[in-house]
Amino acid sequence: MPTQIKNAIWDVLVDCLLTSETREMIEKMQKKVTRIGVMTSGGDAPGMNACVRAVVRTGLYHGLEVFGIMRGYQGMIENDIIPMDSRSVANIIQRGGTILKTARCKEFTTPEGRKKAYENLQKHGINGLVVIGGDGSFKGAQIFSNEYDIPCIGIPGTIDKDIAGTDFTIGFDTAVNTAIDAIDKIRDTADAHDRLFVVEVMGRDAGYIALYSGIGTGAEHILIPEKKTDVEQILSSLQEKERRKKLVNILVVAEGDDFGGGNELANLIKERVPGFDIRVAILGHIQRGGSPSSMDRLIASRMGYSAVECLLEGRHNVMVGIVNNRMHFTPLDKAVKAKQRISEEWMKIVKILAS
Ligand code: F6P
């Protein structure tokens, strides 16, 4: 039988045997990723640099060309894109902030903005993206990749730990340690003066920093956005503490708590339980800076490495996470929609241990 006919029969047979999933996978792998862009987007988080380093060096190891996109989507729109080599990420694993800088970019939410961004990626021949950021950044990546068929991998980088599909996000551990360090110091002075301190920590929509740092410092009350705050219950507990002369109290409140921030809470306590000498400390952006903890360096390195492997394997539009200490891949849209859940048991622990 002539070879041409044999080949044609073979092609038809293979086509019949392939499942649609396998066919899709093969198609993706045929669109080989050769030049990747990496960026940091949204609020910065300690460990982002360690992650950029991991992406760049894993990409180079596999023979890819790697580009750094400055200031997240803003740099993509403005063509602020630079080639990265191994030396460009030397000596950054221990540094907070991000050498690629970061921004929250309104223009990327418009089709016109995304078109500009795509044209700039094309100029550099970039055919794969790694986005290190939070849920807002993933939403952008999701829309972009659907519009322009650019494979995107998300890496959760945010101090808030408010993304589903991963036990930890890059920067959270460092932020909690920073908050703990500060609250320990606040407790020293609170103790010296017999004072009540309201400490406000970051977390616009998420109470994880408050919960972890509050438990870690033995806070008397922890207020988080995920649970409706029962102020009357807090006030009556404080009145009872006042009666038994337990004057040193630390209340940790997430900035996005439904009752309000640190100042609102302190004002109410002053009015309703005047026996306390009250001060407020708002920790603010110190929680976003500083040298990343060992844990953040480690997860950043593992996630950065894994993101590049994903692009090469044709596993596209997923967020790389770590669940039970193993790599875990969540479709970008699911990572964006779902939030992590606060354990009821943890709330019980807070109550029991603070009595
Ligand atoms: O990155 C998350 C976060 O730190 C939130 O906890 C906080 O509400 C917000 O960013 C602050 O953002 P910005 O620095 O833009 O004011």
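Residues numbered from 1 in each chain as written. Predicted model: local features only at pLDDT ≥ 70, side-chain atom pairs only at ≥ 80, totals over all residues. Heavy atoms only, no water.

Draft legend 1. Quick peek at the sheet that holds strand E8 (residues 249-254). Strand order in the open sheet made by the four strands is E7-E8-E6-E9, with parallel pairing throughout. In this open sheet, the two strands that pair with only one neighbour each are strand E7 (221-223) and strand E9 (278-282). Adjacent strand axes in the sheet meet at a mean angle of 15° when their direction is disregarded. Pairing analysis gives three bridges linking E7 to E8, with the strands arranged parallel. Bridge pairing links Ile222 to Val252 in E8. Relative to E7, helix H9 (residues 231-243) is tilted by about 160°, and along the sheet it contacts strand E6 (196-201), E7 and E8. (Pairing = 2+ DSSP bridges. Helix = DSSP H or I, 4+ residues; strand = E, 2+ residues; numbered from the N terminus. Axes fitted to C-alpha atoms, helices over the stretch in contact; angles between N-to-C directions. Contact = heavy atoms within 4.5 Å.)

Draft legend 2. Quick peek at the packing of helix H7 (residues 172-193) against helix H8 (residues 208-216). Closest axis-to-axis distance for the H7/H8 pair is 9 Å, and the angle between their directions is 45°. Our classification of the angle between H7 and H8 gives oblique. Like other packed secondary-structure pairs, H7 and H8 cross with a definite hand, here right-handed. Within the contact between the two elements, H7 uses Phe172, Ala175, Val176, Ala179, Ile180 and Ile183 and H8 uses Tyr208, Ile209, Tyr212, Ser213 and Gly216. Each residue belonging to the contact of H7 with H8 can be placed in one class, and the counts come to nine nonpolar, two polar and no charged. (Parallel < 35°, antiparallel > 145°, perpendicular 65-115°, else oblique. Left-handed = near helix turned anticlockwise from the far one by under 90°. Nonpolar A, V, L, I, M, F, W, Y, C, P; charged D, E, K, R; others polar.)

Draft legend 3. Representation of the site of the ligand. The environment of the ligand is made up of Gly43, Arg104, Ile159, Asp160, Met202, Gly203, Arg204, Glu255, His285 and Arg288. Contact between the ligand and Arg104: an oxygen atom at 2.9 Å from a side-chain N or O atom of the residue. Here an oxygen atom of the ligand and a side-chain polar atom of Glu255 are 2.5 Å apart. Coverage of the ligand by the protein amounts to 78% of the 400 Å² it exposes when considered alone. By residue class, the composition of the shell around the ligand is two nonpolar, three polar and five charged. Taken domain by domain, the makeup of the shell around the ligand includes at least three residues from each of domain 1 (31-171 + 292-334) and domain 2 (172-288). (Near = heavy atom within 4 Å. Polar contact = N/O pair within 3.5 Å; in protein donor to acceptor, adjacent residues only side chain to side chain. Areas by Shrake-Rupley, 256 points an atom, 1.4 Å probe, with all protein chains shown as cover. Domains from an automatic or database assignment.)

Draft legend 4. Structural detail: the sheet that holds strand E4 (residues 128-133). Read across the open sheet, the seven strands follow the order E3-E2-E1-E4-E5-E10-E11; overall the sheet is mixed. Two strands close off the open sheet at either side, each with one partner strand: strand E3 (81-84) and strand E11 (326-331). Taken over all neighbouring pairs, the strand axes of this sheet differ in orientation by 30° on average, direction set aside. Relative to strand E10 (residues 318-323), strand E5 (residues 152-156) runs parallel, the two sharing two bridges. From the neighbouring strand, Ile153 faces E10, where its bridge partner is Val318. The sheet strands contacting helix H11 (residues 294-313) are strand E1 (35-40), E4, E5, E10 and E11, and the helix crosses E10 at an angle near 140°.

Draft legend 5. A negative patch on the surface, seen in detail. Together, Asp184, Asp188, Asp191 and Asp194 line one region of the surface with negative charge. With respect to the element layout, Asp194 can be found in the loop between H7 and E6. By relative accessible area, which is 42% here, Asp194 ends up partly exposed. (Patch = residues over 30% accessible without salt bridge, like charges linked within 9 Å, V, L, I, M, F, W, Y side chains within 5 Å. Salt bridge = Lys/Arg side-chain N within 4 Å of Asp/Glu carboxyl O. Lys, Arg positive; Asp, Glu negative; His and termini not counted. Charge placed at Lys NZ, Arg CZ, Asp CG, Glu CD. Buried < 20%, exposed > 50% of the residue type's maximum accessible area, 1.4 Å probe, protein only.)

Draft legend 6. Fine view of the environment of Gly113. Counting through the fold element by element, Gly113 comes out in helix H5 (residues 111-124). Given a relative accessible area of 0%, Gly113 falls into the buried group. Taking the C-alpha atoms as reference, Gly113 lies 9.1 Å from Tyr73; in sequence the two are 40 residues apart. In this structure Gly113 touches Ile77 and Glu107, once residues within four positions along its chain are discounted.

Draft legend 7. Expanded view of the packing of aromatic side chains. Applying the stated criterion to the full structure yields nine aromatic pairs. Relative to Trp346, the ring of Tyr212 lies with its centre 5.0 Å away and its plane at 40°, an arrangement referred to as tilted. With Tyr212 in helix H8 and Trp346 in helix H13 (residues 344-353), this residue pair connects regions lying 134 residues apart in the sequence. Under the relative-accessibility criterion, Trp346 is labelled partly exposed at 31%. Each member of the aromatic cluster is reached from another via a ring pair, and the members are Tyr73, Phe108, Tyr118, Phe144 and Tyr148. Stacked on the ring of Phe168, the Lys or Arg Lys161 has its end atom at 5.4 Å from the ring centre. Sitting above the plane of the Tyr208 ring, Lys161 keeps its charged end 4.1 Å from the centroid. (Phe/Tyr/Trp six-rings, centres within 6.5 Å; stacked < 30°, edge-to-face > 60°. Lys NZ or Arg CZ within 6 Å of the ring centre and 35° of its normal.)

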